[in-house]
Amino acid sequence: MQLLQDTNIDFISQRKIGYFLSAIIILIGIVSLFWRQGPNFGIDFRGGILMEVRSEKNVGISEIRAELEKLKLGEVNIQRFGKDTDILIRIQRQDGAEKEQIAAIELVKETLGSAIDYRRTEFVGPTVGEELKEAGLLAVGLALLSILIYIWMRFEWQFGVGALIALTHDIVTTIGLFAILHYEFNLATVAAILTIAGYSINDTVVVYDRVRENLRKYKKLDLVSLFNMSINETLSRTTMTSLTTLLALFSIFFFGGAVLADFALAMIWGVCIGTYSSVFIAVPLLLYVNLKRGEEDESGLQAPQDEMPK
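How each quantity is defined
- Residues numbered from 1 in each chain as written.
- Predicted model: local features only at pLDDT ≥ 70, side-chain atom pairs only at ≥ 80, totals over all residues.
- Heavy atoms only, no water.
- Patch = residues over 30% accessible without salt bridge, like charges linked within 9 Å, V, L, I, M, F, W, Y side chains within 5 Å.
- Areas by Shrake-Rupley, 256 points an atom, 1.4 Å probe, with all protein chains shown as cover.
- Salt bridge = Lys/Arg side-chain N within 4 Å of Asp/Glu carboxyl O.
- Helix = DSSP H or I, 4+ residues; strand = E, 2+ residues; numbered from the N terminus.
- Buried < 20%, exposed > 50% of the residue type's maximum accessible area, 1.4 Å probe, protein only.
- Pairing = 2+ DSSP bridges.
- Axes fitted to C-alpha atoms, helices over the stretch in contact; angles between N-to-C directions.
- Contact = heavy atoms within 4.5 Å.

Caption draft 1: How the structure looks around a nonpolar patch on the surface. Taken together, the side chains of Ile-17, Phe-20, Leu-21, Ile-24, Ile-28, Ile-180 and Leu-181 define a hydrophobic patch exposed on the protein surface, amounting to about 600 Å² of accessible area. Elements with a contribution of two residues or more to the nonpolar patch: α1 (15-35) and α6 (157-181). Topologically, Leu-181 is positioned in helix α6. With a relative accessible area of 39%, Leu-181 lands in the partly exposed category.

Caption draft 2: Representation of the pairing of strand β2 (residues 48-55) within the structure. Along β2, seven of the eight residues are buried, which leaves the element largely enclosed by surrounding structure. One ladder, built from seven bridges, connects β2 with strand β4 (residues 83-92); its direction is antiparallel. Bridging from a neighbouring strand, Met-51 pairs with Ile-89 of β4.

Caption draft 3: Representation of the sheet that holds strand β5 (residues 116-124). With antiparallel pairing, the four strands of this open sheet are ordered in space as β3-β4-β2-β5. Each edge of the open sheet carries a strand with a single partner, namely β3 (76-81) and β5. Here the average twist between neighbouring strands, direction ignored, is 20°. Direction of pairing for β2 relative to β5: antiparallel, over a ladder of eight bridges. When the bridges of β5 are listed, Arg-54 appears paired with Asp-117. Relative to β3, helix α3 (residues 61-69) is tilted by about 155°, and along the sheet it contacts β3 and β4. The sheet contacts of helix α4 (residues 98-112) involve β2, β4 and β5, and relative to β5 the element is tilted by about 160°.

Structure follows, in structure tokens:
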């Protein structure tokens, strides 16, 4: 037995509630971005020092933080990841060039002592950080453009507009979530956003394909009824896919360690908001773009009908 099979839910009549909820989420995210003066960029984008260390025994984070704060190196973030003996240290970029960054790293090593195993030490300069910002924005922009072209070629332009708006909605709300929670925005987050775009458009294409098929079958059926029928016919598939994906993502979030937690959180939100936008954003928007039913079906599908199936 499949979940949510043979449903008859009137989604389209609730579209204004969906628009309102989306507007509230986006508005809160925008206010949070302005309030916090932009996203909480990680070292990937801001530049700084990243050190991955391992101790022979469990060392308290508070003890390490107290020792490093005495060095007056500026903002220092410390978190566990993986095992209890593994610690990730992030230090803001020091004033000066590479020489000053190396001096800060050596100072941290002297303070923590030789009992610590320094597994990884990285420094990202401000120029590289700016380049990574531009590359991330370019990647997201090209992904949206490619998806728009794909939808435009596979369907009509009206479907492309609806899909692009729904995708933009998903990306903006994901960025807003990170702004609200003040989570770090890094390259892993960009990867999550691109993955969300691909996952979301997959859901949207499935529903759009059923809408196009039903437009050919039911020439005289009003669009609201036809859209509701299309969503309900694909609801079981969409829900089951989302639930199985969420099971894996929750496992990563709770057991994958701090390094993967932000990526998993973005993906969990993306799967939920992507499923929501396919139902409450992408399909209802087709009511406002002068959607045409097209010519007589030439693909061998069932002959046009005037009424919904009983």
